[in-house]
Amino acid sequence: MSERPTEMSESTRTTALAGLDGWSYSAGEKAINKTFKFEDFGEAWAFMNRAALLAEKMDHHPEWFNVYNRVEVKMTTHDADGVTELDIQMATAMNRFAA
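Just so it is clear, the model here is predicted, and its values are computed rather than measured.

Analysis parameters
Residues numbered from 1 in each chain as written. Predicted model: local features only at pLDDT ≥ 70, side-chain atom pairs only at ≥ 80, totals over all residues. Heavy atoms only, no water. Salt bridge = Lys/Arg side-chain N within 4 Å of Asp/Glu carboxyl O. Helix = DSSP H or I, 4+ residues; strand = E, 2+ residues; numbered from the N terminus. Buried < 20%, exposed > 50% of the residue type's maximum accessible area, 1.4 Å probe, protein only. Core = buried A, V, L, I, M, F, W, Y, C linked by side-chain atoms within 4.5 Å. Expected span 1.5 Å × (residues − 1). Arc of directions from axis to C-beta. Contact = heavy atoms within 4.5 Å. Polar contact = N/O pair within 3.5 Å; in protein donor to acceptor, adjacent residues only side chain to side chain.

### Considerations on the pattern of salt bridges
No. 1: All chains considered together, the criterion is met by five salt bridges.
No. 2: Close ionic contact of Glu 7 with Lys 30 constitutes a salt bridge, the shortest N to O distance being 3.8 Å. Of this pair, Glu 7 sits in the segment before helix 1 (10–18) while Lys 30 sits in the loop between strand 1 (24–26) and strand 2 (31–37), and the two are 23 residues apart along the sequence.
No. 3: Owing to a relative accessible area of 26%, Lys 30 belongs among the partly exposed residues under this scheme.
No. 4: Residue Arg 70 pairs with Glu 72 through a salt bridge whose shortest N-O separation is 2.9 Å.

### Overview of the nonpolar core
No. 1: In terms of nonpolar packing, the biggest core is built from 24 residues, with Trp 23, Ile 32, Phe 47 and Met 94 touching the most fellow members.
No. 2: The set of elements that each furnish at least two residues to this core consists of helix 1, strand 2, helix 2 (41–58), strand 4 (70–75) and helix 3 (85–98).

### Topic: helix 2
No. 1: In a regular helix each residue adds 1.5 Å, so 18 residues correspond to 26 Å; helix 2 covers 25 Å between its end C-alpha atoms and thus fits that length.
No. 2: Within the sequence span of helix 2, burial applies to Ala 44, Phe 47, Met 48, Ala 51, Leu 54 and Ala 55. Along helix 2, the residues classed as buried sweep out an arc of 130 degrees about the axis, all on the same side. Across helix 2 from its buried face, at more than 90 degrees, point the exposed residues Leu 53, Glu 56 and Lys 57.
No. 3: Of the surrounding secondary structure, the elements contacted by the buried residues of helix 2 are strand 2, strand 3 (63–67), strand 4 and helix 3.
No. 4: One side-chain oxygen at the N-terminal end of helix 2 lies 3.2 Å from the backbone nitrogen of Gly 42; it belongs to Asp 40.
No. 5: Trailing helix 2 by a residue or two, Asp 59 shows a phi angle of about 55 degrees, which is positive.

Here it is, written out as structure tokens:
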């Protein structure tokens, strides 16, 4: 059985976010957020497909909203009531997928 994720401390989260281009922390949501913009819907969809495959593999799913070439993403770990290493891993991968 895997260990339950734990919420990051403020200093650990701040350090992790410093290395994640475009992501910001929302204290009210206890989540990290980013809006990705692509050339067109096809690129946005391809990005979401790649992220979805990783999310399934990790069993850690983003909250997201897509309109045409824009994908708004919110990452939080509900079981930990805040941001965990899982969120940082997904955000890092999403940045890579969008590059």
